[in-house]
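These are the residues of each chain, in order.
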Amino acid sequence: MGGQVERWQYLNPGKTLAETLDISHTTLLYVEGVTVSFDGFRALNDLSFYVDVGELRCVIGPNGAGKTTMMDVITGKTRPDAGYVFFGQSINLLELDEPRIAQAGIGRKFQKPTVFEQHQVYENLELAMAGDKRVWPTLTARLSGAQRDRIDEVLGIIGLRDHAWRPAGALSHGQKQWLEIGMLLMQDPLLLLVDEPVAGMTHQEMDRTAELLLSLEGKHSVVVVEHDMDFVRSIAKRVTVLHQGSVLAEGSMDEVQHDPRVVEVYLGE
Amino acid sequence: MGIVKALKGDTGGQVMLAVLLVVTLVVPVLNLAVPETSFWHVSTYTVTLLGKYLTYALLAVAVDLVWGYLGILSLGHGAFFALGGYAMGMYLMRQIGDRGVYGDPILPDFMVFLNWKELPWFWNGFDMFWFAALMAILVPGVLAYVFGYLAFRSRVTGVYLSIITQALTYALMLAFFRNEMGFGGNNGLTDFKELLGFDLQSDGTRAGLFMASAAALALGYLACRMIVTSRLGRVAVAIRDAESRTRFIGYRVERVKVAIFAFSAMLAGVAGALYVPQVGIINPGEFSPLNSIELVIWVAVGGRATLYGAVVGALMVNYGKSTFTAMFPEAWLFALGALFVLVTLLLPRGIAGWLPARRAG
Amino acid sequence: MILAGMTWWGTAAAGALEEALPGLADRAFPAKQQAVQALAATGDSRALPILEALLAGDLYTREAADPPLVLARPSAAGLRLSDPLTGVDLGEVERATVKKIPLNNALRTALRGGIAALTLSSPDPAVRSRAAKDLMRDPSPESVTALRARLEQEQDAAVRTTLVLAVAVADLRVGTPEARLAAVATLEGSLYPEARNGLTTLIANETDADVKAAAERALTAIDARLTWNARAETLFFGLSLGSVLVLAAIGLAITFGVMGVINMAHGELMMLGAYTTYLVQQALPGWVDYSLFVAIPAAFIVSGLFGIAIERTVIRFLYGRPLETLLATFGISLILQQLVRTTISAQNVAVENPSWMSGSLQINPALALTYNRLYILAFALLVFVALLLILKRTALGLQVRAVSQNRAMARAMGVRSARVDALTFGLGAGIAGVAGVALSQLTNVGPNMGQAYIIDSFMVVVFGGVGNLWGTLIGGMTLGVANKFMEPWAGAVLAKILVLVFIILFIQKRPRGLFPQRGRAADG
Ligand SMILES: Nc1ncnc2c1ncn2[C@@H]1O[C@H](COP(=O)(O)OP(=O)(O)OP(=O)(O)O)[C@@H](O)[C@H]1O
Ligand SMILES: [Mg+2]
């Protein structure tokens with residue numbers, strides 16, 4: 001990983017690793033100077049992005065801005081060409097693979113809902129449940145009473161109690177979205193990355209999702225990517241606008257809405 | 001308790017095990033106790049044939065475990081089977097002692113023939129049954145572990161993985177054909193005399209091997225059921241259906257894969273070790289890619305991801321093969337080829353797919 | 001003297017010939033030897049058959065008859081005689097009436113030298129070259145003289161090279177130390193086996209330290225050049241194997257790259273191509289030299305149609321299920337094998353090589369490239385380029401690339417993906433057929449021939465990277481060359497195993513091969 005650091009330093013001359021680490025202790029996630037290119041096309045361009053402990057952050061931006069790619073980098077799906085991703089003060093996420101990152105406490109809901117279609121809803125939640133996920137413990141695992149209660153509770157939260165024993169593949173698109181959120185809850189992560197959670201939901205469902213995400217605030221850090229501005233407005237304290245792979249603006253919903261550059265990106269050209 | 005849980009809801013498996021139990025108890029009696037003249041007598045030839053089929057069935061169960069539940073279409077399981085067989089063959093070879101053609105007390109005939117002066121180091125220990133039995137399990141297991149570690153770590157999946165497993169067995173076949181390897185080259189290992197002091201030609205030994213094969217099949221089946229009904233089994237299916245998603249909820253996919261793959265290879269090794277004393281020979285032909293891919297079709301015929309389907313498929317296809325090749329030797333390859341095409345096209349869930357009471361999916 | 005013989009052909013020299021001839025009948029060996037040398041010195045072309053006859057034991061003397069020297073060949077009654085000079089038939093006689101001229105070793109040596117000196121002046125350059133080579137095998141001071149003399153007037157460049165070599169080799173054996181030293185210098189770097197042999201013998205027997213040291217140096221230089229030639233030859237064999245791998249893999253690369261399916265019957269489609277070659281040759285007996293030009297399109301069509309049939313009847317129902325496709329096509333491969341076994345023969349069939357493919361291209365005395373391998377190498381490149389053009393320049397190619405990158409999108413854009421699939425599969429299969437034609441020229445043609453190739457060609461595709469023809473080309477060539485370079489020290493089987501192991505390790509580092517396909521579609 002020395003190579004990563006050196007490359008990063010080259011992009012940020014004058015700063016050392018120690019200095020970068022020594023920022024406010026309330027910060028949970030550090031994304032620093034991350035660049036990702038696909039065949040020369042920069043999907044992320046020297047992106048820097050920070051999330052505080054317990055914060056609920058919304059990320060908006062036009063299609064192709066790099067929102068999903070940013071999540072890919074954080075969760076280990078995509079390796080950046082340059083930059084630096086830290087979880088807390090000490091965990092270098094670029095050194096970890098996807099399962100370790102998940103175990104470190106980062107959960108993710110995908111833009112395109114992906115659940116285990118052959119498994120029942122209940123089993124989906126069971127698999128996602130936080131716990132020892134090594135091979136042998138998984139082989140011998142038994143559900144304890146507390147764990148059953150937790151699954152039942154989450155089933156209630158996501159409104160799928162009646163569907164608990166149906167295969168997930170049989171659910172509707174919106175229900176799959178809920179199930180994925182439920183899996184995220186079962187993981188009980190420190191940081192939730194939620195990519196377009198309300199696509200395909202009714203207004204009522206949206207409200208419930210907003211409620212749910214707000215209820216997580218404080219205990220968990222949540223990053224929500226969403227195109228639906230009403231939804232964003234209903235939950236957002238701080239909003240980050242991504243454009244062409246870097247942060248264009250950051251602030252409260254009102255601030256960014258009136259930022260002329262943001263207006264131009266959304267309306268202009 | 002664990003057994004009961006493992007078989008819960010597995011009607012096919014319960015029926016299969018019940019039939020197996022009856023056959024295991026009845027056939028040896030009909031063979032040993034009923035006079036040859038009687039209508040009810042079962043010939044030793046049939047007993048051995050059945051025993052051979054049972055080892056194939058165990059092999060098929062091993063393949064179904066990785067293919068049906070983990071989505072790994074291994075075209076190299078014949079190699080693990082053959083390795084188990086070679087381990088047993090080496091033991092049987094050393095049991096021959098000085099009764100070989102050349103009468104050398106230590107060296108097997110083929111080594112005398114090659115003018116070798118001493119036993120290669122890796123033949124040491126194979127004069128002890130327990131060691132050979134251990135090796136029959138460990139060697140395939142370790143090979144599968146190393147191979148799986150390399151392949152799964154680099155995230156080789158799908159047809160890539162299939163062809164690489166085929167390359168593995170192909171490479172082993174080439175290697176075992178070489179005399180210098182010290183496994184009898186072309187001719188392999190044969191002319192066995194006895195196992196644990198029992199004459200391999202005697203009816204009693206044959207019946208005993210048959211019963212051992214049945215027991216191995218039953219145990220192997222139960223072990224696989226326990227795996228697939230555990231949470232690990234559900235993780236395996238999750239990997240089969242959405243590998244990358246499974247990673248994001250925190251499972252080390254490659255470890256799960258390598259563990260189940262290696263376990264499956266060990267089962268195949270056990271099957272091979274039981275197969276060799278019954279057929280009396282093991283040669284590099286067992287590594288041929290055709291063998292490995294043929295056994296995949298047993299599983300496909302029986303029905304994937306059911307385990308008992310693998311048993312049914314292995315028995316049916318092999319029974320069919322025996323009768324078919326006896327009647328129309330020319331046409332067997334046509335039939336086998338057609339079986340491949342028809343099962344994949346028309347019967348994707350195999351015979352088990354006809355049976356009701358299968359969980360949705 | 002020889003010069004004179006050349007100038008007044010048949011007049012002035014004729015006298016010399018007649019003068020020397022009776023000497024052959026002399027009882028004393030030294031006299032006969034002198035006569036032989038005199039005959040050789042005449043440079044008369046008529047002397048050659050006489051000396052050859054003497055060496056073969058066909059020259060006899062007879063009492064009281066003219067001419068006293070006769071050629072004799074065995075016949076029904078005994079021997080049939082003829083005049084050695086004019087060739088006039090002298091009738092049959094019993095064996096007892098004539099006497100064979102006895103030979104000894106010295107005389108034989110003289111005869112060989114004489115014959116060589118005479119052939120050196122033959123009007124045919126090939127004969128002169130051969131004579132020069134004969135002379136260096138067993139040189140004498142006289143033959144060195146003859147060679148030098150010939151060298152001075154030789155016009156033909158190839159013959160000159162041989163003569164220079166021959167003079168030097170002869171000098172090594174019989175020359176003065178200075179001449180030997182000069183000869184060593186001439187031979188330095190020569191690739192003729194005679195040069196190397198001459199130097200080795202010289203080093204073993206040489207007493208002069210300078211000459212010996214020089215010879216040792218020259219030998220080292222020769223060996224170095226020979227090593228390089230051996231490497232070049234191995235490289236050629238490797239490229240040749242590589243070209244076969246490329247031919248075998250490239251069709252597979254297309255179907256795999258575009259449709260994501262492994263066609264396990266690919267090897268059998270190659271086999272069908274090889275059998276088409278066989279059938280074409282059977283249908284056109286006596287046209288072996290041209291049959292390949294018929295067989296190539298025929299094989300393309302036969303295998304291509306089989307491919308389309310396979311795609312339409314089986315594969316199209318299995319899209320999205322690559323593992324099942326693998327199994328189904330494997331079943332088809334079994335059926336095709338058995339089909340050939342029952343309809344044609346279970347044995348290998350004999351496919352003939354056209355005459356223009358036999359022989360070899362002599363690069364230098366130590367390196368010859370066989371034409372059949374050269375042609376197949378060129379053919380593989382030709383097929384590769386043709387395919388590249390089809391994919392880059394034609395409408396089908398555009399559609400194929402579109403489908404391979406995004407099937408759903410291509411369909412939405414109006415590409416009839418079903419038709420594209422069928423045609424792509426047909427194209428891949430057709431190329432397999434064409435590859436089969438090439439294979440029929442290199443290996444045995446039998447029902448099992450295809451099986452050997454599926455793993456190898458898939459390895460090429462894996463190594464080179466899916467969906468990239470260049471990857472297939474470079475992958476195939478690399479694997480071919482690697483295989484051949486490993487063979488000398490590892491043996492053929494071990495080399496193969498090592499290549500397999502290498503590929504398994506290689507995909508650790510580069511799971512998508514040398515030239516990976518990019519984009520989100522590749523994420524799978
Ligand atoms: N694997 C990949 N290969 C090539 N290009 C990619 C890849 N992944 C992302 N991109 C490109 O990177 C850019 C950013 O993509 P990303 O999915 O991050 O956008 P987004 O902000 O999530 O957009 P949307 O709002 O539409 O989901 C896009 O132009 C996309 O085409
Ligand atoms: Mg996105």
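Since the model is a prediction, treat every value here as computed from it, not as a measurement.

## Quick notes on the overall build of chain A
- Looking only at helices and strands, chain A has 12 helices and 10 strands in total.
- In chain A, which comprises 269 residues, the share counted as buried stands at 54%.
- Here the analysis covers contacts within chain A between residues at least 6 apart in sequence; of these, 65% occur between residues at least 24 apart.
- Looking at chain A as shown, the accessible area adds up to about 11800 Å², and 52% of this sits on carbon and sulfur atoms.

## Re the overall build of chain B
- In terms of regular secondary structure, chain B is built from 14 helices and four strands.
- Relative to the 2.2 N^0.38 estimate, which gives 21 Å for 361 residues, the radius of gyration of chain B is 21 Å and therefore close to what a compact globule would have.
- Projected onto its principal axes, the C-alpha coordinates of chain B cover approximately 60 × 55 × 45 Å.
- Considering only intrachain contacts with a sequence separation of at least 6, the fraction spanning at least 24 residues in chain B is 77%.
- Carbon together with sulfur atoms contributes 68% to the accessible area of chain B, which is approximately 14100 Å² in total.
- For chain B, the distance from the average position of its 25 positive side-chain charges to the average position of its 19 negative side-chain charges is 19 Å.

## A short note on the packing of helix H7 (residues 145-157) of chain A against helix H8 (residues 173-187) of chain A
Residue and element names in this part refer to chain A.
- Where H7 meets H8, the axes come as close as 10 Å, and the angle between the chain directions of the two elements is 145°. Of the two possible hands of crossing, H7 and H8 adopt the one that is right-handed. Between H7, through Arg150, Ile151, Val154 and Ile157, and H8, the contact on the second element is made entirely by Trp178, Gly182, Leu185 and Met186.
- Residue composition of the contact of H7 with H8, grouped by class: six nonpolar, one polar and one charged.

## Topic: the sheet that holds strand E6 (residues 106-109) of chain A
All names here are of chain A.
- Strands sit in the order E6-E7-E8-E3-E9-E10 across an open sheet of six strands; the sheet is mixed. Strands at the two margins of the open sheet, each flanked by one partner only, are E6 and strand E10 (246-251). Across this sheet, the average inter-strand angle for adjacent strands is 20°, counted without regard to direction.
- Relative to strand E8 (residues 221-225), strand E3 (residues 56-60) runs parallel, the two sharing four bridges. Looking at E8, one finds that Leu56 is bridged to Val222.
- Along the sheet, H8 contacts E6 and strand E7 (191-195); its crossing angle with E6, the most-contacted strand, is approximately 175°.

## Examining the interface of chain C and chain B
- Across the boundary between the two partners, chain C contributes 39 residues, which contact 39 residues of chain B.
- Summing both sides of the interface, chain C and chain B together bury roughly 3600 Å²; the carbon and sulfur share of this comes to 80%.
- Ranking the residues of chain C by area buried against chain B places C:Leu323, C:Leu327 and C:Gln508 at the top, with a combined share of 18%.
- Our count for the contact surface shared by chain C and chain B stands at one salt bridge.
- Across the pair B:Arg304 and C:Glu324 runs a salt bridge whose closest N-O atoms are separated by 2.6 Å.
- Linking chain C with chain B are three residue pairs in polar contact (both at pLDDT 80 or more), by the criterion used here.
- When contributions to the side of chain C that touches chain B are tallied by element, the ones reaching two or more residues are helix H14 (322-343), helix H19 (451-464) and helix H21 (492-509) of chain C.
- No other element matches H14(C), which puts 15 residues into the side of chain C that touches chain B.
- Taken together, the residues of the side of chain C that touches chain B break down into 30 nonpolar, five polar and four charged.

## Structural notes on helix H3 (residues 29-42) of chain C
Residue and element names in this part refer to chain C.
- Along its 14 residues, H3 runs 20 Å from first to last C-alpha, staying within 8% of the 20 Å computed at 1.5 Å per residue.
- All buried positions along H3 are accounted for by Lys32, Ala35, Val36, Leu39, Ala40 and Thr42. Buried residues of H3, viewed axially, fall in a sector of 155°; they line one side. The exposed set on the far side of H3, more than 90 degrees from its buried face, consists of Pro30 and Gln34.
- Remark: Gly43 follows H3 within two positions and exhibits a positive phi of approximately 70°.

## Comments concerning the interface of chain A and chain B
- In this complex, chain A contributes 31 residues to the contact, which on the side of chain B involves 28 residues.
- In this structure, the connection of chain A to chain B is made through five salt bridges.
- The salt bridge involving A:Glu98 is made with B:Arg155; its shortest N-O contact spans 2.7 Å.
- Remark: the boundary between chain A and chain B carries 11 residue pairs in polar contact (both at pLDDT 80 or more).
- Every element with two or more residues in the side of chain A that touches chain B is listed here: helix H4 (98-104), helix H5 (121-128), helix H6 (135-140) and H8 of chain A.
- In terms of residues, the side of chain A that touches chain B owes the most to one element, H4(A), which gives five residues.
- Taken together, the residues of the side of chain A that touches chain B sort by class into 13 nonpolar, eight polar and 10 charged.

## A closer look at a nonpolar patch on the surface
- Together, B:Met128, B:Trp130, B:Leu134, B:Leu138, B:Val142, B:Tyr145, B:Val146 and B:Tyr149 make up a nonpolar patch on the protein surface, roughly 770 Å² of accessible area in all.
- Assignment of secondary structure puts B:Leu138 in helix H6 (residues 129-153).

## Things to note about the coordination of the magnesium ion (ligand 2)
Residues and elements named next belong to chain A.
- Surrounding the magnesium ion (ligand 2) are the protein donor atoms Thr68 (OG1) and Gln111 (OE1), at 1.9 to 2.2 Å. With a gap of 43 residues between them, Thr68 in helix H3 (residues 67-74) and Gln111 in the loop between E6 and H5 connect regions that are remote in the sequence.
- Judged by its relative accessible area of 37%, Gln111 is partly exposed.

## Structural notes on the pairing of E10(A)
- Pairing between strand E9 (residues 238-243) of chain A and E10(A): five bridges, direction antiparallel. Each residue of the ladder has a partner; that of A:Thr240, found in E10(A), is A:Glu250.

## Some details on the sheet that holds strand E2 (residues 69-74) of chain C
Residue and element names in this part refer to chain C.
- Spatial strand order, E4-E3-E2-E1-E5: five strands in an open sheet with antiparallel pairing. Only two strands of the sheet have a single neighbouring strand rather than two, namely strand E4 (89-93) and strand E5 (98-100). Across the sheet, the axes of successive neighbouring strands diverge by a mean angle of 40°, strand direction being ignored.
- In this sheet, E4 lies alongside strand E3 (residues 79-82) in antiparallel orientation, the contact comprising four bridges. Bridge pairing links Leu81 to Gly91 in E4.

## A closer look at the packing of aromatic side chains
Residue and element names in this part refer to chain B.
- Scanning the entire structure with this criterion turns up 39 aromatic pairs over all chains.
- Taking the centre distance of 5.6 Å and the plane angle of 85° together, the rings of Phe152 and Phe261 count as edge-to-face. With Phe152 in helix H6 and Phe261 in helix H11 (residues 253-279), this pair connects stretches of sequence that are 109 residues apart. This pair shows no difference in class: Phe152 is buried, exactly as Phe261 is.
- In this structure, Arg304 is placed above the aromatic ring of Trp67, and the distance from its NZ or CZ to the ring centre is 4.5 Å.

## Some words on the environment of B:Leu30
All names here are of chain B.
- Its location among the elements puts Leu30 in helix H2 (residues 11-32).
- Each C-alpha atom of the pair Leu30 and Asn179 lies 43 Å from the other, and the pair is 149 residues apart in sequence.
- If sequence neighbours within four positions are ignored, Leu30 has contacts with Trp40, His41 and Val42.

## Some thoughts on the pattern of salt bridges
All names here are of chain C.
- Under the criterion given, the structure shown has 36 salt bridges over all chains.
- Lys496 is the partner of Asp456 in a salt bridge, and the nearest nitrogen-oxygen pair spans 3.3 Å. Of this pair, Asp456 sits in helix H19 while Lys496 sits in helix H21, and the two are 40 residues apart along the sequence.

## Regarding the side chain of A:Gln177
Residue and element names in this part refer to chain A.
- Note that Gln177 resides in helix H8.
- At 2.8 Å, the side chain of Gln177 and the side chain of Lys109 are in polar contact.
- The contact partners of Gln177, leaving out residues within four places of it in the chain, are Lys109, Pro113, Glu196, Pro197, Val198, Ala199 and Met201.

## A closer look at the environment of B:Leu7
All names here are of chain B.
- Of note, Leu7 is situated in the loop between helix H1 (2-6) and H2.
- On the basis of relative accessible area, Leu7 is assigned to the buried category, the value being 13%.
- Expressed as a C-alpha distance, the spacing of Leu7 and Leu274, which sit 267 residues apart in the sequence, is 25 Å.
- With sequence-adjacent residues up to four places away left out, Leu7 is seen in contact with Gln14, Leu17, Tyr221, Leu222 and Arg225.

## Remarks on the confidence of the model for chain B
Residue and element names in this part refer to chain B.
- Chain-level statistics for chain B give a pLDDT mean of 89 and a share of 98% at 70 or above.
- The element-level mean pLDDT for chain B is lowest in H1, coming to 79, with H11 highest at 96.
- Scored below 50 in pLDDT, residues 357-361 shows 10 contacts in the model against residues more than four places distant or in partner chains.
- For this predicted complex, the interface confidence reaches an ipTM of 0.90, while the overall pTM sits at 0.83.

Rules used in this analysis
Once a new chain begins, its residue numbering starts again from 1 and follows that chain's sequence as written. Working convention: letters from A go to chains and numbers from 1 go to ligands, in the order in which they are written. Only residues with pLDDT of at least 70 are given local features in this predicted model, and only at 80 or more are side-chain atom pairs given and counted; all residues enter the totals for whole chains, interfaces and linings. Note that water and hydrogens are dropped before the side-chain values are worked out from all heavy atoms of the structure. Here a strand is any run of E in DSSP of at least two residues, a helix any run of H or I of at least four, and the numbering for each starts at the N terminus. Exposed residues in this analysis have more than 50% of their type's maximum accessible area, buried residues have under 20%, and partly exposed residues fall in between, with area computed by a 1.4 Å probe over protein chains only. Contacts were defined at the residue level, with two residues in contact if any of their heavy atoms lie within 4.5 Å. A 1.4 Å probe and the Shrake-Rupley method give the accessible areas. Residues count as covered only by the protein chains that appear here. To get the radius of gyration, use the C-alpha atoms; to get the globule rule, take the number of residues to the power 0.38 and multiply by 2.2 Å. Neither His nor the chain ends contribute to the count of charged residues, in which Lys and Arg are positive and Asp and Glu negative. Every charge is mapped to an atom, namely NZ of Lys, CZ of Arg, CG of Asp or CD of Glu. For helices, the fitted axis covers only the stretch in contact; all axes are lines through C-alpha atoms, and the angles between them, taken along N-to-C directions, range from 0 to 180 degrees. Helix crossings are classified by the rotation of the near helix relative to the far one: an anticlockwise turn of less than a right angle makes the crossing left-handed, while a clockwise turn makes it right-handed. Each residue is assigned to one class: nonpolar for Ala, Val, Leu, Ile, Met, Phe, Trp, Tyr, Cys and Pro, charged for Asp, Glu, Lys and Arg, and polar for all the others, Gly among them. Paired strands are those between which DSSP finds at least two bridges. A simple way to read buried area is as the amount of 1.4 Å-probe accessible surface that goes missing from two parts once joined, with both sides added. One speaks of a salt bridge when a side-chain nitrogen belonging to Lys or Arg is within 4 Å of a carboxyl oxygen belonging to Asp or Glu. Pairing of N or O atoms within 3.5 Å defines a polar contact, subject to two protein rules: one partner must be a possible hydrogen donor and the other a possible acceptor, and residues neighboring in sequence count only if both atoms are side-chain atoms. Expected span of a helix, by definition, is 1.5 Å for each gap between consecutive residues, and there is one gap fewer than residues. Here the arc refers to the set of directions running from the helix axis out to each C-beta atom. For patch building, the residue pool is restricted to those with more than 30% relative accessible area and no salt bridge; the joining distance is 9 Å between like charges and 5 Å between nonpolar side chains (Val, Leu, Ile, Met, Phe, Trp, Tyr). Note on donors: an N, O or S atom is included if it sits within 2.8 Å of the metal, or within 3.2 Å for Na, K and Ca, and water is never included, so sites can look incomplete. Pairing of aromatic rings covers Phe, Tyr and Trp, the last through its six-membered ring, and needs centres within 6.5 Å; plane angles under 30 degrees mean stacked, over 60 mean edge-to-face, and all others mean tilted. Either the NZ atom of lysine or the CZ atom of arginine qualifies as a charge over a ring when it sits within 6 Å of the ring centre and within 35 degrees of the ring normal. Confidence of the prediction at every residue is given by pLDDT, a number between 0 and 100.

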